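Listed here are the chains, written in short residue letters.
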Amino acid sequence: DVQMTQSPYNLAASPGESVSINCKASKSISKYLAWYQQKPGKANKLLIYDGSTLQSGIPSRFSGSGSGTDFTLTIRSLEPEDFGLYYCQQHNEYPYTFGAGTKLELK
Amino acid sequence: EVQLVESGGGLVQPGRSLKLSCLASGFTFSNYGMNWIRQAPGKGLEWVASISSSSSYIYYADTVKGRFTISRDNAKNTLYLQMTSLRSEDTALYYCARKMRAQSGYVMDAWGQGASVTVSS
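Residues numbered from 1 in each chain as written. Chains lettered and ligands numbered in written order. Predicted model: local features only at pLDDT ≥ 70, side-chain atom pairs only at ≥ 80, totals over all residues. Heavy atoms only, no water.

### Here we look at the overall build of chain A
A tally of helices and strands in chain A yields 0 helices and 11 strands. Written out in order from the N terminus, the α and β elements of chain A read β-β-β-β-β-β-β-β-β-β-β. Relative to the globule expectation of 13 Å for 107 residues, the C-alpha radius of gyration of chain A, 13 Å, shows essentially globular dimensions. Referenced to the eigenvectors of the C-alpha coordinate spread, the extents of chain A come out at roughly 35 × 25 × 25 Å. Within the span of chain A, comprising 107 residues, buried residues form 50% of the whole. Total accessible area on chain A is roughly 4,700 Å²; 48% of this is exposed by carbon and sulfur atoms. Here chain A contributes 10 positive and 9 negative side-chain charges, whose respective centroids are spaced 2 Å apart. (Helix = DSSP H or I, 4+ residues; strand = E, 2+ residues; numbered from the N terminus. Rg over C-alpha atoms; globule rule 2.2 N^0.38 Å. Buried < 20%, exposed > 50% of the residue type's maximum accessible area, 1.4 Å probe, protein only. Areas by Shrake-Rupley, 256 points an atom, 1.4 Å probe, with all protein chains shown as cover. Lys, Arg positive; Asp, Glu negative; His and termini not counted. Charge placed at Lys NZ, Arg CZ, Asp CG, Glu CD.)

### With respect to the layout of surface pockets
The computed volume of the largest pocket comes to approximately 560 Å³. Forming the boundary of the largest pocket are 29 residues, of which K42, A43, N44, K45 and L46 of chain A lie nearest the centre. When residues of the lining of the largest pocket are traced back to their parent elements, those giving at least two are β4 (33-38) and β5 (45-49) of chain A together with β1 (3-7) and β10 (106-111) of chain B. Each residue belonging to the lining of the largest pocket can be placed in one class, and the counts come to 11 nonpolar, 9 polar and 9 charged. (1 Å grid on protein atoms, 1.4 Å probe; cavity = no way out; pocket = protein on both sides within 12 Å on 5 of 7 lines; lining within 4 Å. Points joined across faces, edges and corners; volume = space filled by probe spheres on them. Nonpolar A, V, L, I, M, F, W, Y, C, P; charged D, E, K, R; others polar.)

### Description of the pairing of strand β9 (residues 92-101) of chain B
All names here are of chain B. Burial of β9 is extensive: 8 of the 10 residues sit out of reach of the surface. Strand direction decides the pairing type here: β9 and strand β11 (residues 115-119), joined by 3 bridges, are antiparallel. Note on β11: the bridge partner recorded for L93 is S116. In terms of strand pairing, β9 meets β10 through 5 bridges, oriented antiparallel. The residue of β10 that forms the bridge with R98 is A110. (Pairing = 2+ DSSP bridges.)

### As for the interface of chain B and chain A
Contacts between the two partners involve 23 residues from chain B and, on the opposite side, 22 residues from chain A. Each partner contributes to the roughly 1,900 Å² buried at the junction of chain B and chain A, and carbon and sulfur atoms together form 56% of this total. Looking only at chain B, the three residues that lose the most surface to chain A are L45, W47 and W111 of chain B, adding up to 28% of its buried area. Inspection of the region where chain B meets chain A yields 0 salt bridges. In this assembly, chain B and chain A are joined by 10 residue pairs in polar contact (both at pLDDT 80 or more). Sorting the residues of the side of chain B that touches chain A by element identifies β4 (34-39), β5 (45-51), β9 and β10 of chain B as the ones contributing at least two each. (Contact = heavy atoms within 4.5 Å. Buried area = accessible area lost by both parts, 1.4 Å probe. Salt bridge = Lys/Arg side-chain N within 4 Å of Asp/Glu carboxyl O. Polar contact = N/O pair within 3.5 Å; in protein donor to acceptor, adjacent residues only side chain to side chain.)

### Considering the state of the cysteines
All names here are of chain A. Evaluated as defined, the whole model comprises 2 disulfides over all chains. The disulfide bridge from C23 ends at C88, spanning 2.0 Å between sulfur atoms. As the torsion about the S-S bond is roughly 60°, the C23-C88 disulfide counts as right-handed. Taken together, the positions of C23 in strand β3 (residues 19-25) and C88 in strand β9 (residues 84-90) put the pair 65 residues apart, joining distant regions of the chain. (Disulfide = S-S within 2.5 Å.)

### Examining the environment of S104 of chain B
Mapped onto the fold, S104 of chain B is located in the loop between β9 and β10. Taking the C-alpha atoms as reference points, S104 of chain B and F27 of chain B, separated by 77 residues in sequence, lie 23 Å from one another. Setting aside its immediate chain neighbours within four residues, S104 of chain B contacts Y32, D50, H91 and N92 of chain A.

Right, dumping it as structure tokens:
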């Protein structure tokens, strides 16, 4: 199975700042990585797939990059609603596997 | 509006069975593959099982293979997860999620709120 390692585990930032979350695959997954946001009381939200394709309805301040084994989710100009948990997921092969998550907290 | 509503969760003893349901609305259910994903308390997401739109293709995580069965009834717009021989490590919030085709494989573009399953004596 492809192991996904996310970093950092916790991240504190202020509204208006830019942040990056990293995800590393245990083997090459080409560009086939997705990012999800999880917030209490809300359905999980797909943000990015195929490494850099923005899901419909997601603000352009979210962007994804990377290929092979190393990927990054960048959020520019943080808004208050962006704080929560973020997960990466490889969709190159079964079993689909997720990273352990990154908690983005308000500084 | 796409809606996925899970039901059937609860407290169950180790070794017993439980069946989860996920009622879909707001889209043509029979056109989409579906997944079950779970999240143990305080832990990350774990993909559990996947089923294609016509039930032709079914996949399971090794952790549940042989114990869980994913199925669907397109006439009822409902996805199921039959769980048998339950273990304490199956305790989790179980989400159903719609599959969306990506350039390779699938991602999950709509999620339910989850059904809580607790396995304990």
